[in-house]
Amino acid sequence: MVTLLVAICFISFLLVKNSPIDPIQAYIGADMLKVSPEQRAKITEYWGLDQPVMMQFYHWGSAVLSGDMGTSMIYRRPVMEVIGERFTNSLALMLSAWVLSGVIGFVMGIIAAMKKGSWIDRLIKWYCFTLASTPTFWMGLLVLIVFAVWLGWFPVGMGVPAGVLAEDVTLLDRIQHLILPALTLSIVGIANVALHTREKLIDVLASDYVLFARARGKQGMVLFWRHGLRNVALPAITLQFAGFSELFGGAVLAEQVFSYPGLGQATVEAGLRGDVPLLLGIVIFTTIFVFVGNLLADISYRVLDPRTREGRKV
Amino acid sequence: MNTMPKKFPLNHKQWALAKIILAALLLALVIIGGLFLDEGRIVTNLTDRNSPPSLEHLFGTDWLGRDMFTRTIMGLTLSIGVGLIGALGSASIAMFLGMAAATMGKRADRLISWCIDLFLSVPHLVTLILIAFTLGGGFKGIVIGLTLTHWPSLARVIRAEVMQIRSADYVQVSRRMGKSRWWIALHHIVPHVIPQFLVGFMLLFPHVILHEAAVTFIGLGLSPHEPAIGIILSESMKYLSSGMWWLAFFPGLCLLIIVRMFDQIGENIRLLTSSDSNRD
Amino acid sequence: MSILEVNHLSVSFKQYTAGLKQSHHKVISDLNVNLEAGEILAVVGASGSGKSLLAHAILGILPANASVSGVMTYEGEELTPARQKALRGKEIALVPQSVNYLDPLMKVGKQVRTSVQTGDAVQAQRRVFERFRLGREVERMYPFQLSGGMARRTLLSTAMVSGAKVIIADEPTPGLDPVVIKEALSHFREFANQGCAVMLITHDIESALQIADKIAVFYAGTTVEIAKAEDFAGQGEAIRHPYSKALWRALPQNDFVPITGSQPHPSALPPGCLFAPRCAMATPECLQAQPEMRPLRDGMVRCIHAT
């Protein structure tokens, strides 16, 4: 993991350094014409842009290690601070979508598997396959059209109401702005879990131990509750944790559609406007985020599956 | 198990073939349409602005009076083109690295597996944004970005497949008989990997197209002058609140259908190439 | 009166061969078995002869693409699917083949307890574990932690605690050492002596003979002979069917002569007597039609030449 992270930092660093976007121009923006070549040279020297790339990487790397990722050019605040604040917003969004899609997908997968071959199974399967090919942002636009424009139930965008002071933003306001993007992410996220759960449960239902349970007179819900749920929940949970990467990808798009001020939107802004420190910070941060997801998947397996939990004792 | 109605005298494999042909025809139609549609329909026409879908303008017109149907088809053609290059590039990288990992010894295997982990540990979209940023966006940036980000999972599949074939008895026998490494690769491994490659390639397609549209949508992909679906959708956002739903609805739906077509082709090729035809 | 009677049981599977072509595989055909209270009936046959399916058919847990015909009765009343559903696990219990039949994510003690029909489940489970010399720590183990012998005894426990009157044991002995086999089989004897009935499905004629009262010899999906265990003795003079005779003579302590040829696949059954192609006594008559089961010397046989 450490080597991976270092490599990712290094590669990302090289990539952004080779970008045709001039960091100084990005920093100064429209006032570029007013900057004299001398001033320019000064800034270059101040940022160490005249040094070899390896030196620059070394300086940046050691700063990151000491917890300083530099200052965001577009927000004019420390990168850590921007990421922290934006991520809190994104976390609310991703967490609700994560839970919602997980639960709904799981239940749909179970229903499909229990009624395998019926019209409801086919409907669920069709829905999932179609969703898997649906562009997240288009789904967001549809949700926006239906709920915000036609029905007028929700505001069209922005994380908080425009023109209201930060202190006056109530929790209710926040939740109201959270619902549509979370809904979008959930709708798209369901497919994976549902299909996976369906496959698993079909396997479990065809297993010898379910046959034996039936031989012992167990049936219907009792059978499912005792032997099905446990054996299906484990892979579903693991899958959900391992899907952090896609979750973040979805969040980027959903936040863009709904102008939700999360980390995803910050990523896009950083990319569009050439905010190198912020972009690098986000790359590192999301890598850790994905890693944590995989770690949680691993841990959940260890904690929940007796075969890996108690395997050592034997 | 078979859920097909009996009145169709086709078996599983014939059905799969029929679906592939149908989907391919539709795709071909879109491409041809995109190439031959009248450019005149998308010139600014201020007398016919913002009109909802009608017989004359199937998908309506936008704020400049351009016909949305024509724009959509052109966008789709562009998407398919970008998807083709991206998927082909990605699948080739996957094929090469997957084979290399499985045949060139432990060290190469470890290195390639490490690279796969590397690419999988950053969210796809973030990598794409990073690469697009480096290359300054545009057609080149997006194609290279897509090519570089989609190979890891297919490479894994091919690596596993090749490893399995290599340990198979008949390959072991060939080796004892003194056949060279290249001979074995050519006669035993390649024929098995080609179907995997084809299926993988077709299944990469939808991902590539969707990601292209996504990156273009957020503004780091194709330039705003290209008639891309991502551009159409991101432009439409400004007009949604005024109720012009058709600007977003139809282009997205068409993209969805195209992606689904590729998915179908991929799945059905898999059905055709696998011996296990009992699964639904 | 028999507690369980199986008459003219046939089981076939629908299968798709090429494309939409359907074919029926008859895996059990025209099978007859009777089970008396207090006795052990061993159903003996080579693997692939459809023995396990017999157990599943009695319990009504065959897969959905199987079709069943024939009549089964339990305590004199017909065993309909509804009745099978009501009786399985309560009156009729299965001892399955392997540890795979236990839920991998549930502690075995708990799995045994779910079989208990009346009374204190924990008490019942502990009593039966004690009887089978399974320590208290075993109830907290997961199936993957059990040794072969422990798994076997756990599976047996699930049947014991259910209080069933009929136990169907599917291959309870393979992979065990002779001492454990003897012990496992003695549990069945004990159980039968309490007035219950045991159907022991096995390919191991030797160990079956040690405890069984009656032997049903199974070939290519049907019974060819039902005999008393005592009939299997000496040179096998008392054995009725040529296949059972050959089976007996194939044992190491007897002549150790293998039977030539192999059992026919369910998709390619011969038209007449199923054993005719491998039978030394076969005559053109044998190829005409499948012989009926007929009583002979206090047993049953499916052979026109048997005396």
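Residues numbered from 1 in each chain as written. Chains lettered and ligands numbered in written order. Predicted model: local features only at pLDDT ≥ 70, side-chain atom pairs only at ≥ 80, totals over all residues. Heavy atoms only, no water.

**Student:** Describe the side chain of Thr77(B), with residues and values.
**Tutor:** Residues and elements named next belong to chain B. Along the chain, threonine 77 turns up in helix α2 (residues 68–103). Residue classification places threonine 77 among the buried residues on the basis of a relative accessible area of 14%. Not counting residues within four places of it along the chain, the set of residues in contact with threonine 77 comprises Val30, Ile31, Gly34 and Leu35. (Helix = DSSP H or I, 4+ residues; strand = E, 2+ residues; numbered from the N terminus. Buried < 20%, exposed > 50% of the residue type's maximum accessible area, 1.4 Å probe, protein only. Contact = heavy atoms within 4.5 Å.)

**Student:** Give me the lowdown on unusual backbone geometry, citing residues and values where you can.
**Tutor:** Residues and elements named next belong to chain C. Located in the positive-phi region is histidine 8, a residue other than glycine, with phi close to 50 degrees. By the secondary structure assignment, histidine 8 is in strand β1 (residues 4–16). At aspartate 298, a residue that is not glycine, the phi angle is positive and equals roughly 65 degrees. Here aspartate 298 shows up in the loop between β11 (294–296) and β12 (299–301). Residue class for aspartate 298 comes out exposed when judged on its relative accessible area of 63%.

**Student:** Please provide a residue-by-residue account of the pairing of strand β3 (residues 40–44) of chain C, values included.
**Tutor:** Residue and element names in this part refer to chain C. In terms of burial, β3 is a largely internal element, 5 of the 5 residues being buried. Of the two faces of β3, both are covered, the one formed by Ile40, Ala42 and Val44 as well as the one formed by Leu41 and Val43. Relative to strand β9 (residues 214–219), β3 runs parallel, the two being bridged by 4 bridges. From the neighbouring strand, alanine 42 faces β9, where its bridge partner is isoleucine 215. (Pairing = 2+ DSSP bridges.)

**Student:** Outline the packing of aromatic side chains, listing residues and values.
**Tutor:** In this structure the tally under the stated criterion is 18 aromatic pairs over all chains. Through pairs of rings, three or more aromatic residues link up here, namely Phe87(A), Trp98(A), Phe241(A), Phe244(A), Phe248(A), Phe285(A) and Phe289(A). (Phe/Tyr/Trp six-rings, centres within 6.5 Å; stacked < 30°, edge-to-face > 60°.)

**Student:** Lay out the sheet that holds strand β10 (residues 222–228) of chain C in plain terms, naming residues and giving numbers.
**Tutor:** Residues and elements named next belong to chain C. Spatially, 8 strands are ordered β6-β7-β8-β3-β9-β10-β12-β11 in an open sheet, and the strand pairing comes out mixed. In this open sheet, the two strands that pair with only one neighbour each are β6 (92–95) and β11. Strand-to-strand twist of the sheet, defined as the mean angle between neighbouring strand axes without regard to direction, takes the value 25 degrees. With 5 bridges connecting them, β3 and strand β8 (residues 197–202) associate as parallel partners. The partner of leucine 41 across the bridge, within β8, is methionine 199. Across the sheet, helix α5 (residues 148–161) lies against β6 and β7 (166–170), angled at about 175 degrees from β6, the strand it touches most. (Axes fitted to C-alpha atoms, helices over the stretch in contact; angles between N-to-C directions.)

**Student:** Can you explain a nonpolar patch on the surface? Please cite residues and give values.
**Tutor:** All names here are of chain A. A grouping of Ile237, Ile288, Val292, Leu295, Leu296, Ile299, Val303 and Leu304 is seen on the molecular surface, where their side chains present a nonpolar patch of about 590 Å² in accessible area. Of the residues forming the nonpolar patch, the biggest block, 7 residues, is contributed by helix α13 (residues 276–304). Within the element layout of this structure, isoleucine 299 appears in helix α13. The exposure class assigned to isoleucine 299 is partly exposed, which follows from its relative accessible area of 41%. (Patch = residues over 30% accessible without salt bridge, like charges linked within 9 Å, V, L, I, M, F, W, Y side chains within 5 Å. Areas by Shrake-Rupley, 256 points an atom, 1.4 Å probe, with all protein chains shown as cover. Salt bridge = Lys/Arg side-chain N within 4 Å of Asp/Glu carboxyl O.)

**Student:** Can you break down the domain arrangement of chain C residue by residue, with the values?
**Tutor:** Quite often, the size of an interface is put as the accessible area lost when its parts meet. Residue and element names in this part refer to chain C. When the domains of chain C are assigned, the result is domain 1 (2–12 + 24–91 + 164–178 + 189–260) and domain 2 (103–162). One C-alpha centre belongs to domain 1, the other to domain 2, and the line joining them spans 26 Å. Contacts between the two partners involve 10 residues from domain 1, matched on the other side by 9 residues from domain 2. Here the residues of the side of domain 1 that touches domain 2 sort into 6 nonpolar, 1 polar and 3 charged. (Domains from an automatic or database assignment. Nonpolar A, V, L, I, M, F, W, Y, C, P; charged D, E, K, R; others polar.)

**Student:** Just give me the short version of the packing of helix α11 (residues 244–257) of chain A against helix α12 (residues 263–273) of chain A, but keep the residues and values in it.
**Tutor:** Residue and element names in this part refer to chain A. The N-to-C vectors of α11 and α12 enclose an angle of 80 degrees; their axes lie 7 Å apart at closest approach. If you check the angle between α11 and α12, you find them roughly perpendicular. Along the contact surface, α11 presents Phe248, Val252, Glu255 and Gln256, while α12 presents Leu263, Gly264, Gln265, Thr267 and Val268. Taken together, the residues of the contact of α11 with α12 sort by class into 4 nonpolar, 4 polar and 1 charged. (Parallel < 35°, antiparallel > 145°, perpendicular 65-115°, else oblique.)

**Student:** Let's hear about the pattern of salt bridges: which residues, and what values?
**Tutor:** Note on pairing: side chains with opposite charge can pair once their charged atoms come close. Scanning all chains against the criterion turns up 19 salt bridges over all chains. Between Asp117(B) and Arg156(B) there is a salt bridge, with its nearest N and O atoms 3.0 Å apart. Highlighted residues: Asp117(B) in helix α3 (residues 105–120) and Arg156(B) in helix α6 (residues 152–167), separated in sequence by 39 residues. Judged by its relative accessible area of 41%, Arg156(B) is partly exposed. Salt bridges sharing common partners tie together Arg113(C), Arg126(C), Arg136(C) and Glu139(C).

**Student:** Describe the packing of α5(C) against helix α6 (residues 178–193) of chain C, naming the residues involved and giving the relevant values.
**Tutor:** Residues and elements named next belong to chain C. Interhelical geometry of α5 versus α6 gives an angle of 10 degrees and a closest axis separation of 11 Å. The angle between the axes of α5 and α6 places the two elements in the roughly parallel class. Contacts from Arg153, Leu156 and Met160 of α5 reach α6 at Glu183, Ala184, His187, Phe188 and Phe191. Looking at the contact of α5 with α6 residue by residue, the class counts come to 5 nonpolar, 1 polar and 2 charged.

**Student:** How would you sum up the nonpolar core? Please name residues and give values.
**Tutor:** Counting residues in each nonpolar core, the largest one holds 141 residues, and the members touching the most others are Trp60(A), Phe137(A), Leu278(A), Val193(B), Leu233(B), Ile258(B) and Phe262(B). Broken down by element, the residue count for this core peaks at 17 residues, all from helix α8 (residues 181–218) of chain B. Here this core spans two domains, and each of domain 1 (2–65) and domain 2 (86–308) of chain A adds at least three residues to it. Of all hydrophobic cores here, the second largest spans 99 residues; its members include Leu9(C), Ala124(C), Leu155(C) and Met160(C). (Core = buried A, V, L, I, M, F, W, Y, C linked by side-chain atoms within 4.5 Å.)

**Student:** Tell me about a positive patch on the surface, and name the residues and values.
**Tutor:** There is a patch of like positive charges on the surface, built from Arg230(A), Lys107(C), Lys110(C) and Arg140(C). With respect to the helices, strands and loops of the structure, Lys110(C) is situated in helix α3 (residues 108–113). Classification of Lys110(C) as partly exposed rests on a relative accessible area of 39%. (Lys, Arg positive; Asp, Glu negative; His and termini not counted. Charge placed at Lys NZ, Arg CZ, Asp CG, Glu CD.)

**Student:** Residue-level account of the interface of chain A and chain B, with values.
**Tutor:** Across the contact, 51 residues belong to chain A and 44 residues belong to chain B. Summed over both sides, the interface between chain A and chain B buries roughly 4,000 Å², with carbon and sulfur atoms accounting for 78% of that surface. Sorting the residues of chain A by area buried against chain B places Ser133(A), Phe137(A) and Trp138(A) first, and these three jointly supply 16% of that buried surface. Counting across the chain A and chain B interface gives 0 salt bridges. Put simply, the parts of the chain that give the side of chain A that touches chain B at least two residues each are α1 (2–17), α6 (119–132), α7 (136–150), α8 (171–205), α11, α12 and α13 of chain A. Tallied by class, the residues present in the side of chain A that touches chain B amount to 31 nonpolar, 15 polar and 5 charged. (Buried area = accessible area lost by both parts, 1.4 Å probe.)

**Student:** Before we move on, could you go through the confidence of the model for chain B and cite the residues and values that matter?
**Tutor:** Residues and elements named next belong to chain B. Per-residue confidence for chain B gives a mean pLDDT of 76, with 82% of residues at or over 70. For the stretch residues 1–7, pLDDT sits under 50, and the model shows 11 contacts to residues farther than four places along the chain or on other chains. Here residues 276–280 is a poorly scored stretch, pLDDT under 50, and it has 7 contacts once near neighbours within four places are set aside; other chains count. (pLDDT = per-residue confidence, 0-100.)

**Student:** How would you sum up empty space enclosed by the protein? Please name residues and give values.
**Tutor:** Any space left empty among the atoms is revealed by the rolling of a water-sized probe across them. Residue and element names in this part refer to chain C. Under the criterion given, the structure shown has 3 cavities of 30 Å³ or more. Looking at the second largest cavity, its volume works out to about 40 Å³. Residue lining of the second largest cavity: His241, Pro242, Cys273, Phe275, Ala276, Cys279, Ala282, Cys286, Cys303 and His305, and that is the complete set. The class makeup of the residues in the lining of the second largest cavity is 8 nonpolar, 2 polar and no charged. (1 Å grid on protein atoms, 1.4 Å probe; cavity = no way out; pocket = protein on both sides within 12 Å on 5 of 7 lines; lining within 4 Å. Points joined across faces, edges and corners; volume = space filled by probe spheres on them.)

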